[in-house]
Amino acid sequence: MDDSEIRSRIDALVEEEHRLRDGAEHTEEQRARLRQIEEERDQLWDLIRQRDAKRQYDADPDSAEVRPRSEVEGYLQ
């Protein structure tokens, strides 16, 4: 995936998240989907940051890989 594809996927996830959050009540299935969206979005943002860092240090951005959800979600803010 290149940067534009990654950003497009992030945008699609954000749109889906907004649609789900606009509802008055949420089912357990919707809450689970929201968690999945948040985790996938975080992974994709991490991938963008990895790609940017590799470019900054003259490395191949295509060598960046999606990190496991457990790793990305464990980062401190």
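In this text the structure is predicted, and so the values were computed from the model without any measurement.

Side note on the packing of helix H1 (residues 3–21) against helix H2 (residues 28–56)
Thinking step 1. Where H1 meets H2, the closest approach of the two axes is 10 Å, and the angle between their N-to-C directions is 155°. Relative to H2, the element H1 lies roughly antiparallel. By crossing handedness, the relation of H1 to H2 is classed as left-handed.
Thinking step 2. Counted by class, the contact of H1 with H2 contains 11 nonpolar, one polar and 13 charged residues.

Quick notes on the environment of Leu44
Thinking step 1. Following the sequence through the fold, Leu44 ends up in helix H2.
Thinking step 2. A relative accessible area of 5% places Leu44 in the buried class.
Thinking step 3. Leu44 has contacts with Met1, Ile6, Arg9, Ile10 and Leu13, leaving out every residue within four places of it along the chain.

Points about the environment of Trp45
Thinking step 1. As for its position among the elements, Trp45 is in helix H2.
Thinking step 2. Trp45 has contacts with Arg7 and Ile10, leaving out every residue within four places of it along the chain.

Procedures and definitions
Residues numbered from 1 in each chain as written. Predicted model: local features only at pLDDT ≥ 70, side-chain atom pairs only at ≥ 80, totals over all residues. Heavy atoms only, no water. Axes fitted to C-alpha atoms, helices over the stretch in contact; angles between N-to-C directions. Helix = DSSP H or I, 4+ residues; strand = E, 2+ residues; numbered from the N terminus. Parallel < 35°, antiparallel > 145°, perpendicular 65-115°, else oblique. Left-handed = near helix turned anticlockwise from the far one by under 90°. Nonpolar A, V, L, I, M, F, W, Y, C, P; charged D, E, K, R; others polar. Buried < 20%, exposed > 50% of the residue type's maximum accessible area, 1.4 Å probe, protein only. Contact = heavy atoms within 4.5 Å.

All quantities given are derived from atomic positions and should not be read as evidence of function.
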